[in-house]
Amino acid sequence: MASYGAWVASQSAGSGMVTNLTVVDRVPADMLHMVDAHWYQFPPMNPLWHSLLGFAIAVLCFVSLVGNGMVMYIFTNTKTLRTPSNLLVVNLAFSDFLMMFTMGPPMVINCYYETWVFGPFACEVYGMFGSLFGCVSIWTMTMIAFDRYNVIVNGLSGKPLTNNGALARILGVWVSTLAWTMAPLFGWNRYVPEGNMSACGTDYLTDTFSSRSYIMVYSVFVYFAPLFLIIYSYTFIIKAVSAHEKNMREQAKKMNVASLRSSEAQNTSTEMKLAKVALVTISLWFLAWTPYLVINYTGIFKASPITPLATIWGSLFAKANAVYNPIVYGISHPKYRAALYQKFPSLSCTDPADDSQSVASGTTTVVSTEKTETA
């Protein structure tokens, strides 16, 4: 109750009483050099916000660790799911798992103490991990979009993804994103406590070229470039499938039959469903990270004052992204649901018969069957 009493005391300034309490008061002395002067103008946050944030992060952490853990376990231990394309799915789950494993527990503890309690170095590592795993997730999703584009749009002319090819893409994603996210540790921008003082992220308030240039360049690499590439991929995926469906309807009309649904058409339909799953997952990722982008851009351009409460929403939306992916794949991937039923019957909401009608993600059955029928 002492913290709540301090917050109540800070609010008394509005009634004429003088108070010097700020949101920075609880920050340890060895952390003060990392706190921007901007935050000294704000009174302490209502402890209720810290409690709600800590509870929300704890729930998200539990759901994410269980969900992504199951995705990794089932995709790696089910023979029909061990395909090159699904290596990308496993990497996505692995990145999301590490996101909440490294960020969830520290944030819950900090919310309890209502400030960052692990010291300056841990703050920098925490900020780097959040940036690293978020960046790995979006670029892995971009690789998934490229794979869907190759299977559906390029068809026979596309080179099928191999295990070595998938592993090379995964390695490239981790190496490139690690280089970007380690840059602030060596002087290009820096990782500092956020306004709520219970988490750490990039410095978007320091008015220097180094700070601003990093935010601008990094946003292009992490946000805008993947967004453009994903939109490009899915635009042509939708066009290709629409053209295929139109040809099927015209051919059926010429043959005076209701439908030409064959195994090829069923496989194409399944590929489209999987493409929709990836598109939904990516959309949710951008929904999660857009608030962070807005906060960073608001800071570097001084568009409007950023409050400690606003930084809470940025943290919450970003970390919620690690929960979306296992839920989306669990609901929409037929072979995943079938494997889930076999390994964890009490957690599954499907019938095992679904497995006989599903098509493994990442195969090129679509184009192979199409080639046979065309011939």
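Everything quoted here is computed from the prediction, not taken from an experiment.

## Digging into the packing of aromatic side chains
Here is step 1: Applying the stated criterion to the full structure yields 23 aromatic pairs.
Here is step 2: Each ring, one from Trp 289 and one from Tyr 292, has its centre 5.7 Å from the other, and the planes form 35 degrees; the classification is tilted. Taken together, the positions of Trp 289 and Tyr 292, both in helix 7 (residues 263-301) and 3 residues apart, correspond to about one turn of that helix. Each member of the pair Trp 289 and Tyr 292 is classed as buried.
Here is step 3: Ring centres of Tyr 297 and Phe 301 lie 5.6 Å apart, and the angle between their planes is 70 degrees; on these two criteria the pair is classed as edge-to-face. Remark: Phe 301 and Tyr 297 occur in helix 7; sequence separation between them is 4 residues, near one turn of the helix.
Here is step 4: On the basis of relative accessible area, Phe 301 is assigned to the partly exposed category, the value being 48%.

## Observations concerning unusual backbone geometry
Among all residues except glycine, the phi angle is most often negative; among peptide bonds, the trans geometry is most common.
Here is step 1: One non-glycine residue, Glu 114, lies in positive phi territory at about 65 degrees.
Here is step 2: Relative accessible area serves as the criterion here: at 12%, Glu 114 is assigned to the buried category.
Here is step 3: At Asn 189, a residue that is not glycine, the phi angle is positive and equals roughly 70 degrees.
Here is step 4: The topology assignment puts Asn 189 in the loop between helix 5 (163-182) and strand 1 (191-193).

## Some thoughts on the nonpolar core
Here is step 1: Of all hydrophobic cores here, the largest spans 91 residues; its most connected members are Trp 39, Ile 138 and Trp 285.
Here is step 2: For this core, the element with the highest residue contribution is helix 4 (residues 120-154), accounting for 16 residues.
Here is step 3: When neighbours within four sequence positions are excluded, Ile 138 is seen to be in contact with Val 222, Pro 226, Ile 230, Trp 285 and Phe 286.

## Regarding the side chain of Asn 150
Here is step 1: On the secondary structure map, Asn 150 appears in helix 4.
Here is step 2: Accessibility expressed as a relative area gives 14% for Asn 150, which makes it buried.
Here is step 3: Discounting chain neighbours no more than four positions away, the residues touching Asn 150 are Gly 155, Gly 158, Lys 159 and Pro 160.

## As for the confidence of the model for the protein chain
Here is step 1: Looking at the protein chain, pLDDT values average 80 and 80% of them are 70 or higher.
Here is step 2: Segment residues 13-18 is flagged for pLDDT under 50; beyond a separation of four residues in sequence, or across chains, it makes 2 contacts in the model.
Here is step 3: This stretch, residues 350-375, has a pLDDT under 50; its non-local contacts, to residues over four places away or in other chains, come to 45 contacts.

## Overview of a nonpolar patch on the surface
Here is step 1: A cluster of nonpolar side chains, Leu 48, Trp 49, Leu 52, Leu 287, Trp 313 and Phe 317, forms an exposed patch at the surface whose accessible area comes to about 560 Å².
Here is step 2: Those elements giving two or more residues to the nonpolar patch turn out to be helix 2 (47-77) and helix 8 (308-332).
Here is step 3: Top element by residues in the nonpolar patch is helix 2. It accounts for 3 residues.
Here is step 4: Checked against the element boundaries, Leu 287 lands in helix 7.

## Points about the environment of Thr 102
Here is step 1: Considering the arrangement of structural elements, one finds Thr 102 in helix 3 (residues 84-113).
Here is step 2: A C-alpha to C-alpha distance of 9.7 Å links Thr 102 and Cys 61, two positions 41 residues apart in sequence.
Here is step 3: A polar side-chain atom of Thr 102 sits 2.7 Å from the main-chain carbonyl oxygen of Leu 98.

## Some thoughts on the pattern of salt bridges
Here is step 1: Throughout the structure, instances matching the rule amount to 4 salt bridges.
Here is step 2: In this structure, Arg 148 and Asp 147 form a salt bridge, with 3.0 Å as the shortest nitrogen-oxygen distance.
Here is step 3: One salt bridge in this structure joins Asp 203 and Arg 190, with 2.9 Å as the shortest N-O distance. One end of the pair, Asp 203, is in the loop between strand 2 (200-202) and helix 6 (209-254); the other, Arg 190, is in the loop between helix 5 and strand 1, and 13 residues separate them in sequence.
Here is step 4: The class of Asp 203 is buried, set by a relative accessible area of 4%.
Here is step 5: On the accessibility criterion, Arg 190 (29% relative accessible area) is partly exposed.

What counts as what
Per chain, the residues get numbers from 1 upward, laid out in the order the sequence is written. Side-chain atom pairs in this predicted model are given and counted only at pLDDT of 80 or more, local residue features only at pLDDT of at least 70, and totals for whole chains, interfaces and linings cover all residues. Each side-chain value is derived from all of the structure's non-hydrogen atoms; neither hydrogens nor water enter the calculation. Two rings from Phe, Tyr or Trp (for Trp, the six-membered ring) form a pair when their centres are within 6.5 Å of each other. A pair whose planes differ by under 30 degrees is stacked, one over 60 is edge-to-face, and the rest are tilted. Helix and strand definitions here come from DSSP, where helices need a minimum of 4 consecutive H or I residues and strands a minimum of 2 consecutive E residues; each element is numbered from the N-terminal end. Any residue under 20% of the maximum accessible area for its type is buried, any over 50% is exposed, and the rest in between are partly exposed; the area is computed with a 1.4 Å probe on protein chains only. Here, nonpolar core means buried Ala, Val, Leu, Ile, Met, Phe, Trp, Tyr and Cys residues that are tied together by side-chain atoms lying within 4.5 Å of each other. Contacts were defined at the residue level, with two residues in contact if any of their heavy atoms lie within 4.5 Å. Per-residue confidence from the predictor is reported as pLDDT, which spans 0 to 100. Patch members must show over 30% relative accessible area and no salt bridge, and they are joined within 9 Å when carrying like charges or within 5 Å when they are nonpolar side chains of Val, Leu, Ile, Met, Phe, Trp or Tyr. To measure how exposed things are, a 1.4 Å probe is used in the Shrake-Rupley method; for residues, cover is taken only from the protein chains shown. A pairing counts as a salt bridge when a side-chain nitrogen of Lys or Arg comes within 4 Å of a carboxyl oxygen of Asp or Glu. Within 3.5 Å is the distance limit for a polar contact, defined as a pair of N or O atoms, with the added protein rule that one can donate a hydrogen and the other accept it, and that residues adjacent in sequence qualify only through two side-chain atoms.

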